[in-house]
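The primary structure of each chain is shown beneath.
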Amino acid sequence: MKKASSWIVGLLFVLVFGVIGYYLTLDAIPKLIYRVAQRRIDIPVNTIAKPGPIDETARSVVMPNPDFLYATGFFDLDNGPLKLRGSLPADDYWSLALYQPNTVNFFVRNDQQFNSNEVDLVLATTKQAKQLETSSEVVECPTSKGFLLFRLLVANQDSLNVERVAKHQSSIALEAFEVFLD
Amino acid sequence: MRVKTILKYLGLVLLGLLLGGLWAVYQLNQVKTSTSFQLENGAWRVNPSMDLSKNTFQRALVSRIGLFALRESEVLYYVARTDENGDPLSSAYDYEIVGNALDARYWSFTLYGEDFFLVPNDTKQYGYNMENMVYEDSTQSSYRIRLSSREQYDNWLPAGKEKQLTITLRMYNPDPTVVQNLASVALPIIRKIEPK
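Residues numbered from 1 in each chain as written. Chains lettered and ligands numbered in written order. Predicted model: local features only at pLDDT ≥ 70, side-chain atom pairs only at ≥ 80, totals over all residues. Heavy atoms only, no water.

Draft legend 1. Quick look at the interface of chain B and chain A. Facing the 54 residues of chain B at the interface are 55 residues of chain A. Between chain B and chain A the total buried area reaches about 4500 Å² when both faces are included, carbon and sulfur atoms providing 66% of it. Inspection of the chain B/chain A interface yields 4 salt bridges. The closest approach of N and O atoms between A:Asp111 and B:Arg105, which form a salt bridge, is 2.7 Å. Our count for the contact surface shared by chain B and chain A stands at 23 residue pairs in polar contact (both at pLDDT 80 or more). Secondary-structure elements contributing two or more residues to the side of chain B that touches chain A are helix 1 (2-29), helix 3 (56-65), strand 5 (104-112) and strand 9 (166-174) of chain B. With 15 residues, the top contributor of residues to the side of chain B that touches chain A is helix 1 of chain B. Its residues assigned to classes, the side of chain B that touches chain A shows 28 nonpolar, 16 polar and 10 charged. (Contact = heavy atoms within 4.5 Å. Buried area = accessible area lost by both parts, 1.4 Å probe. Salt bridge = Lys/Arg side-chain N within 4 Å of Asp/Glu carboxyl O. Polar contact = N/O pair within 3.5 Å; in protein donor to acceptor, adjacent residues only side chain to side chain. Helix = DSSP H or I, 4+ residues; strand = E, 2+ residues; numbered from the N terminus. Nonpolar A, V, L, I, M, F, W, Y, C, P; charged D, E, K, R; others polar.)

So, in structure tokens, the structure goes:
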């Protein structure tokens, strides 16, 4: 009897921690993949990568879209808010998306939803946002670290059009907020 | 005796965690489970909700094959890995993707290989979109994309040498009628042409 109850207790242990292990693993996978992407994209934190047109050599992130020029960056707000700015195309689709380190997209806005093609944002944690005084729009980030991704449409891949959009891509910048005291 | 008991239960905890983790990975690799929350529309599959904050399993799955995807409010991702008969898409065969213009601000087709990256080819053609498509009619509505490893004319999408192909149809800012009818909206058919 004692042996049987010991087996049952053991089995219960395995089952309960099996369920915990199941959800811990599912929760960990996106975070791990995020870190792998960070290593592959390989840029310093709080800087913007502006790769050229996407082709078969683009292997940092799966399923890249060759119709876009990307501007990407891993932001870290531990040392304070960050200013994100850029002069984006006036007539073409573009969008800005922000992600948490668990890959959840917590902010997305496209060109038609911005008031202007001149992007002027401050990224801040909720705590930082309460202490900010700025005329720029503040985007509250649920985590102090994350990933930002601009998508600039280049449907027509002729060199002049790519060059035109690339100029807008090159204007995107991410810098410490103190540099731009309002 | 006490130490032995503690070690025994510690071992059971670790065993439970390991088995749970292995089960999670196994389920992610099972197509049936991994597509259980998707809607079907012919050969196409779409996630009606890309709010990954709510579903741990979906978040793990999407991070593997669609990292940094956008919410459904911005883009719809229809993915096809089979033709209209349910046979896996492969470079061993030729296909036609036949359809009409879609109701979205911008739409495009992109081809990926078995590793979910762009298929290498000399022409650097990885997809077609509403602007570079050669249409079959003067109203620029109907089109035919030719998916093949052999050179084709008009809208040739080089298929390389891939055992499994994936076609992603992206619809940016789709019309509300599309969003409300994900499983029934008219989408292109993917038809195998001839075996090689």
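Draft legend 2. Looking closely at the packing of helix 1 of chain B against helix 3 of chain B. Residues and elements named next belong to chain B. With their axes 11 Å apart at the nearest point, helix 1 and helix 3 run at an angle of 60° to one another. The orientation of helix 1 with respect to helix 3, classified from their angle, is oblique. Judged by the sense of rotation from one axis to the other, the crossing of helix 1 with helix 3 is right-handed. Along its contact with helix 1, which presents Gln27, Leu28 and Asn29, the element helix 3 presents Phe57, Ala60, Leu61 and Arg64. (Axes fitted to C-alpha atoms, helices over the stretch in contact; angles between N-to-C directions. Parallel < 35°, antiparallel > 145°, perpendicular 65-115°, else oblique. Left-handed = near helix turned anticlockwise from the far one by under 90°.)

Draft legend 3. Just unusual backbone geometry, in detail. Residues and elements named next belong to chain B. Look at Phe116: it is not a glycine, yet its phi comes out positive at around 65°. The residue Phe116 is located in the loop between strand 5 and strand 6 (127-129) in this model. A positive phi angle, close to 55°, is found at Gln140, a residue other than glycine. Checked against the element boundaries, Gln140 lands in the loop between strand 6 and strand 7 (142-148).

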